[in-house]
Amino acid sequence: MEIVIASSIATLTAGGVYLILRLRAFAVILGLALLSYAVNLFIFSSGGLTVDEPPILHGDGIAGYTDPLPQALVLTAIVISFGMTAVLVMVSLGAYLERGNDKLDIHEDEDALSGEPDAQ
Amino acid sequence: MNWIIAPVLLPALLAPLIGYVMRHDITLARIASVAGTLLLAGIATGLLISASSGETEVYFLGDWAAPFGIVLVLDRLSAMMVFLTAVLAVLVVIHAVATGWDNKGRHFHALFQFQLMGICGAFLTGDAFNLFVFFEVLLIASYGLMIHSGGKERLQAGLQYVVMNLAGSTLFLFALGTLYASVGTLNIADLAVRVAEIPPEEAGLVRVAAMLLMVVFAIKAALFPLQFWLPASYANAPAPVAALFAIMTKVGAYAIIRIHTVVFGPDMPALDGMIGDWLFPAAIVTIALGGIGVLGARRLMPLAGFSVVGSMGTLMVAVAVFTPEATTAALYYLVHSTLAAAALFLVADLVITRRGTDNLQAMPVTVQNGLFSALFFGAAIAVAGMPPLSGFLGKLLILDTIRQPDLIVWAWVAVLTGSLLTIVGFARAGSMLFWKSTAEPVPDLPEGTVPPPAARAMEVMPALTALLLLGLLAVLAGPTTNYLEATSVQLFERSDYIGAVLGTGEEG
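Cut-offs applied
- Residues numbered from 1 in each chain as written.
- Chains lettered and ligands numbered in written order.
- Predicted model: local features only at pLDDT ≥ 70, side-chain atom pairs only at ≥ 80, totals over all residues.
- Helix = DSSP H or I, 4+ residues; strand = E, 2+ residues; numbered from the N terminus.
- Buried ≥ 20, exposed ≤ 12 C-beta atoms within 10 Å, placed from the backbone.
- Contact = placed C-beta atoms within 7 Å.
- Core = buried A, V, L, I, M, F, W, Y, C linked by C-beta atoms within 7 Å.
- Axes fitted to C-alpha atoms, helices over the stretch in contact; angles between N-to-C directions.
- Parallel < 35°, antiparallel > 145°, perpendicular 65-115°, else oblique.
- Nonpolar A, V, L, I, M, F, W, Y, C, P; charged D, E, K, R; others polar.
- Expected span 1.5 Å × (residues − 1).

Peer 1: Could you clarify how one ought to interpret the overall build of chain B in this entry?
Peer 2: Per the secondary structure count, chain B includes 19 helices and 2 strands. Referenced to the eigenvectors of the C-alpha coordinate spread, the extents of chain B come out at roughly 75 × 55 × 40 Å. Burial analysis of chain B (508 residues in total) assigns 60% to the buried set. The long-range fraction of contacts in chain B, counting pairs at least 24 apart against all pairs at least 6 apart in sequence, stands at 81%.

Peer 1: Teacher, can you tell me more about the overall build of chain A here?
Peer 2: When its secondary structure is counted, chain A shows 3 helices and 0 strands. Along chain A, helices and strands appear, N-terminal first, in the series α-α-α. Among the 120 residues that make up chain A, the fraction classed as buried is 28%. The long-range share in chain A, meaning contacts at least 24 apart out of those at least 6 apart in sequence, stands at 52%.

Peer 1: Just to check I follow, could you spell out the nonpolar core for this structure?
Peer 2: Ranked by internal contacts, the top residues of the largest apolar core, which has 233 residues, are B:Met316, B:Val317, B:Ala342, B:Ala343, B:Val347 and B:Ala379. Beyond its immediate stretch of four places on either side in the chain, B:Met316 contacts B:Ala221, B:Leu223, B:Ala253, B:Leu279, B:Ala283 and B:Thr286.

Peer 1: Could you clarify how one ought to interpret the packing of helix H5 (residues 128-146) of chain B against helix H6 (residues 152-183) of chain B in this entry?
Peer 2: Each packed pair of helices is defined by two parameters, the angle between the axes and the distance between the axes. Residues and elements named next belong to chain B. Relative orientation of the contacting elements H5 and H6 amounts to 175 degrees, with a least axis distance of 11 Å. The pairing of H5 with H6 is recorded here as roughly antiparallel in orientation. Each of Ala-128, Phe-129, Phe-132, Phe-135, Glu-136, Leu-139, Tyr-143 and Met-146 in H5 lies in contact with H6, whose residues at this interface are Gly-158, Tyr-161, Val-162, Asn-165, Ser-169, Phe-172, Leu-173, Leu-176 and Leu-179. In terms of residue class, the contact of H5 with H6 is made up of 13 nonpolar, 3 polar and 1 charged.

Peer 1: When you look at the environment of B:Gly418 in this model, what are you seeing that I'm missing?
Peer 2: Residue and element names in this part refer to chain B. Secondary-structure assignment places Gly-418 in helix H16 (residues 405-435). Taking the C-alpha atoms as reference, Gly-418 lies 7.2 Å from Gly-310; in sequence the two are 108 residues apart. Not counting chain neighbours up to four residues away, the residues in contact with Gly-418 comprise Ile-287, Ala-288, Gly-290, Gly-291, Gly-310, Gly-313 and Thr-314.

Peer 1: Please clarify how helix H7 (residues 188-197) of chain B should be interpreted in this entry.
Peer 2: For an α-helix the count is 3.6 residues per turn, leaving residues at separations of three or four pointing the same way. Of all 10 residues that make up H7(B), 8 are buried, and the element is covered over most of its length. Within H7(B), burial applies to B:Ile188, B:Ala189, B:Asp190, B:Leu191, B:Ala192, B:Val193, B:Arg194 and B:Val195.

Peer 1: I keep staring at the packing of helix H2 (residues 25-45) of chain A against helix H3 (residues 69-99) of chain A and nothing clicks. Help me out?
Peer 2: Residues and elements named next belong to chain A. The contact between H2 and H3 brings their axes to 10 Å, and the two run at 175 degrees. Taken together, the axis directions place H2 and H3 in an arrangement best described as roughly antiparallel. Residues Ala-25, Ile-29, Leu-32, Ala-33, Ser-36, Val-39, Asn-40, Ile-43 and Phe-44 of H2 form the contact with H3, whose own contacting residues are Pro-70, Gln-71, Leu-73, Val-74, Ala-77, Ile-78, Ser-81, Thr-85, Leu-88, Val-89, Ser-92 and Tyr-96. For the contact of H2 with H3, the residue count by class is 15 nonpolar, 6 polar and no charged.

Peer 1: Would you explain helix H12 (residues 300-321) of chain B in this entry?
Peer 2: Over its 22 residues, H12(B) extends 33 Å from the first C-alpha to the last, a length consistent with the 32 Å expected when each residue adds 1.5 Å. B:Phe322 occupies a position one or two residues after H12(B) and carries a positive phi of about 55 degrees.

Peer 1: How should the interface of chain B and chain A be read in this particular structure?
Peer 2: Accessible area lost on assembly of the parts is the figure often given for the size of an interface. Listed as interface residues are 32 residues of chain B and, on the opposing side, 32 residues of chain A. Elements represented by at least two residues in the side of chain B that touches chain A include exactly H5, H6 and helix H9 (229-236) of chain B. In terms of residues, the side of chain B that touches chain A owes the most to one element, H6(B), which gives 18 residues. For the side of chain B that touches chain A, a count of residues per class yields 20 nonpolar, 7 polar and 5 charged.

Peer 1: What's the story with the environment of A:Asp52 in this structure? I'm lost.
Peer 2: Residues and elements named next belong to chain A. Its place among the elements puts Asp-52 in the loop between H2 and H3. Residue class for Asp-52 comes out exposed when judged on the 6 C-beta atoms lying within 10 Å of it. For the pair Asp-52 and Arg-22, spaced 30 residues apart in sequence, the C-alpha separation works out to 40 Å.

Peer 1: What exactly am I supposed to notice about the environment of B:Glu202 here?
Peer 2: Residue and element names in this part refer to chain B. Mapped onto the elements, Glu-202 comes out in the loop between H7 and helix H8 (204-220). Among the residues examined, Glu-202 registers 10 C-beta atoms within 10 Å and is labelled exposed. On a C-alpha basis, the gap between Glu-202 and Ser-182 in space is 9.7 Å, while along the polypeptide they are 20 residues apart.

If you want it as structure tokens, here you go:
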């Protein structure tokens, strides 16, 4: 169980970081989505992994239950990352329509800091 | 009636009202937004007076007992930050209305109020996960404000800003997960109790969490090596929004001051002062980068952006020492640099509107050259830290309170050299904009174009008020530092905070 969760977090994170480093809007959106999946799993597992137990105390004591707080946290995180992805898609769509390409690097074709075309 | 929740609730209720009900009537939205911001300033003043008694007040959301529910905590530090936010917001919103920036795109005022909600919430919350939520609220509003009124460069810079901050948010969640896994709580007061109990040999995970959190806050505070997003973002944001963003970098600084003093303080055996060891060199390099950037900038807005980077470096040098005296100096400089950066961006906006471009080149003089050069001069000496405005006192306080023999040389050299570079950069920019331009012949206007109108009193008023407040901050330096001294004493006396949140008797 632990090894499955841990290796899937690792794979998702590695994929996410690789896609973000592509510096193209579409790849970056997918990369950030993968990263948010990874972090959701990570938070979910931060309370310890228990199989087939309810997230509440029931009956006689604390023998069988799973920590409910990470589940609440991960729900919040999912909602927020969902909203943020929607905003990101809209902003990158706007930038793409204005510029005609989806490169993230600002210095590629115009130097936004100097206002002069870059020689490279 | 509990007023602690009011700075969050008021903009939260006002924003959808402006966004949905008043979206077709800019006059109505302006009235509501300005009135709401003024009301927020009133509430913040009340909270400041109430907090200055020295008592830490706590609001339990839904009346759930800490550490199980979310708490809002009002102490001197959070009251001061909310007050500063409210004052800045009043200046910015009046500037935006007077110059018509708010009408160049849609939903400016709704986003502005949501932004205020997020900032006030981040300053008031006593829960690390709730801090994340308020960070997201202020960020999502800032994405909208950043690309307000559109344009190619602005959307491009906005996209970069969004991606940068989304990556930062993911890192924040990783940090919180690590923290929860190692100590099993996210309430700041409860964290302080539990982290203090961790012996150094078992502190691996907590140290990782502390460093991750510092990286996250360093992104917000634009600290080396995570400062690179700031100049491009601020330079391309609408100027009033850039002025409001002056408080956004301070949210990062505040989070470091709060979390890394109360929870991961230098006296915690688990941390062993490692935060300051990393923070201090980063702050020194940040000052250098800010100074070099100011010197190298060929446009006015990036110049202002890099000066913000430099001032964050100066601020974090004082924070990184983690002593009550240095924190007092840091807080004084924090108030100063927020207002100074805002004044600079507001003045820059007035100048750029008249000139039509923000390139630093000689151009025929515009209307009111004398007025604008005086305002720019005021903002420049404030940012560079020259007397008589408060930046001078702030830097002096910082240099005076750093007494550690291994830090003192670095701090003095960095702060003084950074100030020199900033002065040279601003002197060059100012003489190019206002002085050399007087030698340029005024060309005949092409048919049908109208020269930009002279600034009305209402447009100049917010920038002038910000400069006057800086003067006031210098004149009232005595009472202000008294309040700030009490603030940092309260901050470092963490049993006060813990006792108020967890209920007296339970503190460990």
